[in-house]
Amino acid sequence: MVTLPKLKCPSCPRDIAGVDVPDKPLAATDYDTCLRKCTIRNVGASNTADVDAVTFIFMDPVQNIPRESREGAIEALSKSLNDQNRKPKVKKFGFSTSEDAVTWVVFTYLLRSGQVLEALRRIGAVTGAAQNNDATLLLWGIPINGGDRRDEIRGQLTSCCVSLGEDPKSLSEPDVIIDPGNDGLVFVEVKYRSGNEFKEVDYPGWKKYLGSSSLAWRSDEVKKSGCYELARNRRILKVLADDRSASLINLGPPSLFQGKKGAELDRFIAALGTNKRSLFKKVAWSELLVEALPEAPKWFADFCHERELAT
């Protein structure tokens, strides 16, 4: 007999009742497969007995984010650049551990509150004089605001990925693209609970992204670092930036930059040949948000603290 203990519902004052099951339960993959549920708010709890490891899963994925941030979220997810991943992306958005949910709430808030470029300046990713309303924000390849270049950037991104040999139905979709015009181009690879994607040196996908002589990186060292996802982002970024400055940001918790994986990331950075016009930045969530939180509305500050993006 396995006991799944009762839990506090994340959306209402009620408890979610515990259950006893005869054998170790299968992992929950959606709301319907959760064995513990609050049927008032339609939120389930993953099938683990470890209270500290529980993931809450919402029947309606948009309920995983604050009401003030919901407008446009599902529409953007359903149009993300990777056709094959759209339905799973929408479903996973309803998990309390969702990286995409955190990405959406944080970056749309920074954009709509007029702080997105100031946040990038604070971490040294842009240095020009562009104003917030000059910048175009794309999440997963989808333009979020109405900048003049929104459709052009998406078209360029699509063309670039196809030209690199990617499957047109499964294109790379950088988590965050911020285009402030002549002040450069910024890609953000976002991490929340997961680490960076690493691949062995014999992984076939490396061939798509390491072959350009226009990049000033040491390709053999890049491959040995294993930082495949970041290398892919770097290659696409440099193509889209053309002769503008280009900044690639790895955003996540401090643990992302520590230990063995942190050492591999440092090896990757050392191989890039960075300079003032071609930057790589390791940025913790708290660094990005430190100036935004004191004046933020309660709903946003609460979200950041609940998701442990800031202390």
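Anything mentioned here points back to the structure above.
Presented here is an overview of the structure given in this document. Fair warning: this is a prediction, and the values are worked out from it, not measured in the lab.

Time to look at the overall build of the chain. When its secondary structure is counted, the chain shows eleven helices and 13 strands. In summary, the chain has a C-alpha radius of gyration of 20 Å against a globular reference of 19 Å for 311 residues, a match within 12%. For the chain, the spread of C-alpha atoms along the principal axes amounts to about 60 × 45 × 35 Å. Counting all 311 residues of the chain, 51% fall into the buried class. Taking the contacts inside the chain whose residues are at least 6 apart along the sequence as the reference set, 62% of them involve residues at least 24 apart. Total accessible area computed for the chain in this model is approximately 14900 Å², and 48% of it derives from carbon and sulfur atoms. Averaging the coordinates of the 44 positive side-chain charges in the chain and doing the same for the 42 negative ones gives two points 2 Å apart.

Another aspect to go through is empty space enclosed by the protein. Within the structure shown, the criterion is met by one cavity of 30 Å³ or more. Of the voids in this model, the largest cavity is the one considered here, and its volume is about 30 Å³. Every residue lining the largest cavity is listed: Ile153, Gln156, Ile177, Asp179, Leu185, Leu240 and Arg244. For the lining of the largest cavity, the secondary-structure elements that each account for two or more residues are α5 (150-163) and β10 (176-179).

According to the stated counting rule, one finds eight aromatic pairs in the structure shown. Centroid distance tryptophan 104 to tryptophan 140: 6.4 Å. Interplanar angle 15°. Geometry classified as stacked. Of the two residues, tryptophan 104 is situated in helix α3 (residues 99-112) and tryptophan 140 in the loop between β8 (136-139) and β9 (142-143); the sequence distance between them amounts to 36 residues. Just as tryptophan 104 is buried, tryptophan 140 falls in that class too. Here the aromatic rings of tyrosine 109 and phenylalanine 300 are separated by 3.9 Å at their centres, their planes lie at 20°, and the arrangement is stacked. Placement of tyrosine 109 in helix α3 and of phenylalanine 300 in helix α11 (residues 298-306) is noted, with a sequence separation of 191 residues between them.

It is worth spelling out the pairing of strand β11 (residues 185-190) at this point. The buried count for β11 comes to six of six residues, which makes it a mostly enclosed element. Strand direction decides the pairing type here: β10 and β11, joined by three bridges, are antiparallel. In the strand pairing of β11, isoleucine 178 is matched with valine 186. Connecting β10 to the next strand, β11, in antiparallel fashion are five residues, including glycine 181 with a positive phi near 85°. Taken together, the six bridges between β11 and strand β12 (residues 246-252) define a ladder with parallel strand orientation. Of the residues in β12, the one forming a bridge with glutamate 189 is asparagine 250.

Further remarks concern helix α9 (residues 259-270). For α9, which comprises twelve residues, the first-to-last C-alpha distance of 17 Å matches the rise-based estimate of 16 Å (1.5 Å per residue) to within 8%. Those residues of α9 hidden inside the fold are in contact with α7 (219-225), α8 (228-241), β12 and β13 (278-284).

Read across the open sheet, the three strands follow the order β5-β6-β7; overall the sheet is antiparallel. Both outer strands of the open sheet, β5 (36-38) and β7 (56-58), are each paired with one neighbouring strand and no more. Neighbour to neighbour, the strand axes of the sheet diverge by 25° on average, direction disregarded. Sheet topology note: the β5/strand β6 (residues 43-45) ladder contains three bridges and is antiparallel. Counterpart to lysine 37 in the pairing with β6 is glycine 44.

Here the focus is unusual backbone geometry. The backbone phi angle of tryptophan 140 is positive, close to 60°, even though this residue is not glycine. The exposure class of tryptophan 140 is buried, given its relative accessible area of 0%.

Let us now look at the sheet that holds β8. Here we have six strands laid out as an open sheet, ordered β9-β8-β10-β11-β12-β13, and mixed in their pairing. Single-partner strands in this sheet number two, and they are β9 and β13. In this sheet, β10 lies alongside β8 in antiparallel orientation, the contact comprising four bridges. Its bridge partner lying in β10, leucine 138 is registered against isoleucine 177.

Conventions and cut-offs
Residues numbered from 1 in each chain as written. Predicted model: local features only at pLDDT ≥ 70, side-chain atom pairs only at ≥ 80, totals over all residues. Heavy atoms only, no water. Helix = DSSP H or I, 4+ residues; strand = E, 2+ residues; numbered from the N terminus. Rg over C-alpha atoms; globule rule 2.2 N^0.38 Å. Buried < 20%, exposed > 50% of the residue type's maximum accessible area, 1.4 Å probe, protein only. Contact = heavy atoms within 4.5 Å. Areas by Shrake-Rupley, 256 points an atom, 1.4 Å probe, with all protein chains shown as cover. Lys, Arg positive; Asp, Glu negative; His and termini not counted. Charge placed at Lys NZ, Arg CZ, Asp CG, Glu CD. 1 Å grid on protein atoms, 1.4 Å probe; cavity = no way out; pocket = protein on both sides within 12 Å on 5 of 7 lines; lining within 4 Å. Points joined across faces, edges and corners; volume = space filled by probe spheres on them. Phe/Tyr/Trp six-rings, centres within 6.5 Å; stacked < 30°, edge-to-face > 60°. Pairing = 2+ DSSP bridges. Expected span 1.5 Å × (residues − 1). Axes fitted to C-alpha atoms, helices over the stretch in contact; angles between N-to-C directions.

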